[in-house]
Amino acid sequence: MDARFLGIDELVEAPSVAVVVDVMRAFTVAAWAFAQGAEKIVLAESLDAALALKARHPDWVALKDGPPAPGFDAVNSPGLLRSVDLGGRTVVQKTTAGTVGALAVKEASLVLCAGFVVAEATARLLRTRECDSVTFVVTGEGGRAEEDLACAQYIARRATESGTDAAEFLRRAAESRAAAELAEGVRQGVHPDDVALCLELDRFSFAMVAALEDSLMILRPCAVPSPAADASI
Ligand SMILES: O=C(O)[C@H](CS(=O)(=O)O)OP(=O)(O)O
Ligand SMILES: [Mg+2]
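Residues numbered from 1 in each chain as written. Chains lettered and ligands numbered in written order. Predicted model: local features only at pLDDT ≥ 70, side-chain atom pairs only at ≥ 80, totals over all residues. Heavy atoms only, no water.

Draft legend 1. Structural context of the nonpolar core. Core analysis: the largest hydrophobic core is formed by 78 residues, its most contacted members being M24, F116, L126, F136, M208 and L219. Top element by residues in this core is helix 1 (residues 26-35). It accounts for eight residues. Counting residues in hydrophobic clusters, the runner-up holds nine residues, among them V42, W60, A62 and V92. (Core = buried A, V, L, I, M, F, W, Y, C linked by side-chain atoms within 4.5 Å. Buried < 20%, exposed > 50% of the residue type's maximum accessible area, 1.4 Å probe, protein only. Helix = DSSP H or I, 4+ residues; strand = E, 2+ residues; numbered from the N terminus.)

Draft legend 2. View of the coordination of the magnesium ion (ligand 2). The coordination sphere of the magnesium ion (ligand 2), as far as protein atoms go, consists of D22 (OD) and M24 (O), spread over 2.2 to 2.3 Å. On the basis of relative accessible area, M24 is assigned to the buried category, the value being 5%. (Donors = N, O, S within 2.8 Å, 3.2 Å for Na, K, Ca; no water.)

Draft legend 3. Up close: the layout of surface pockets. Here the largest pocket defines a volume of roughly 280 Å³. In terms of lining residues, the largest pocket is bounded by 18 residues, among which M24, D65, T96, A97 and R187 are the most central. (1 Å grid on protein atoms, 1.4 Å probe; cavity = no way out; pocket = protein on both sides within 12 Å on 5 of 7 lines; lining within 4 Å. Points joined across faces, edges and corners; volume = space filled by probe spheres on them.)

Draft legend 4. Main features of the site of ligand 1. Inspection of the region around ligand 1 gives D22, M24, R25, A26, D65, N76, T95, T96, A97, G98 and R187 as its neighbouring residues. Take R25: an N or O atom from its side chain is 2.9 Å from an oxygen atom of ligand 1. At a threshold of 2 Å from the grid points, most atoms of ligand 1 map onto the largest pocket. Of the residues belonging to the shell around ligand 1, the class tally is three nonpolar, four polar and four charged. (Near = heavy atom within 4 Å. Polar contact = N/O pair within 3.5 Å; in protein donor to acceptor, adjacent residues only side chain to side chain. Sits in = over half its atoms within 2 Å of the grid points. Nonpolar A, V, L, I, M, F, W, Y, C, P; charged D, E, K, R; others polar.)

Set out below in structure tokens:
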């Protein structure tokens, strides 16, 4: 598999297959939202767009990063979201990096959103679809966020080498600037368990696929074939 690792600003043309990685915390949060029962996640272009969607659909759950804000129901924290019942709900998510990265590749034919919590499912989906060329969007810090790059490199490796050990990749993420800022309270809207939750390898068995639906970028969980059915490893 030909893998490229690019920051959001380095995307010059729509890739065919994109894996958008945001470990801390957008796509860890998205995975937890699905685990808590959310039906779908609308990736909003801006805070105003998120609030406009919420105004049109009062039953939707509007979520943003940073501190709690008027009009929003939740913040971008897996530790805080894991105790919320989202059964059948639609979530609207707007964050600094993750949602921006997914929207930057909305013309791609396949867009996966990922973090360590869905790493193996994401790698397995890439294998199942026999993706020869994959662009990994490293969303944080202009493409240099160590937690996102480590996760992207792990998924790329895991997609082709079943024996890849995650330990070194997880160590890099644990020592990233984002992890330190979350632990030290530099970032807001944080639960003490957030870093640990973001580093839970394969916590969930689904991948997450984003696609345009009526001009909105919608993220949904996607079941992938079981390892027994995957003859490539
Ligand atoms: O919520 C996050 O972790 C970040 C934003 S901040 O730097 O913590 O304010 O957003 P994300 O898009 O999930 O990286
Ligand atoms: Mg991030």
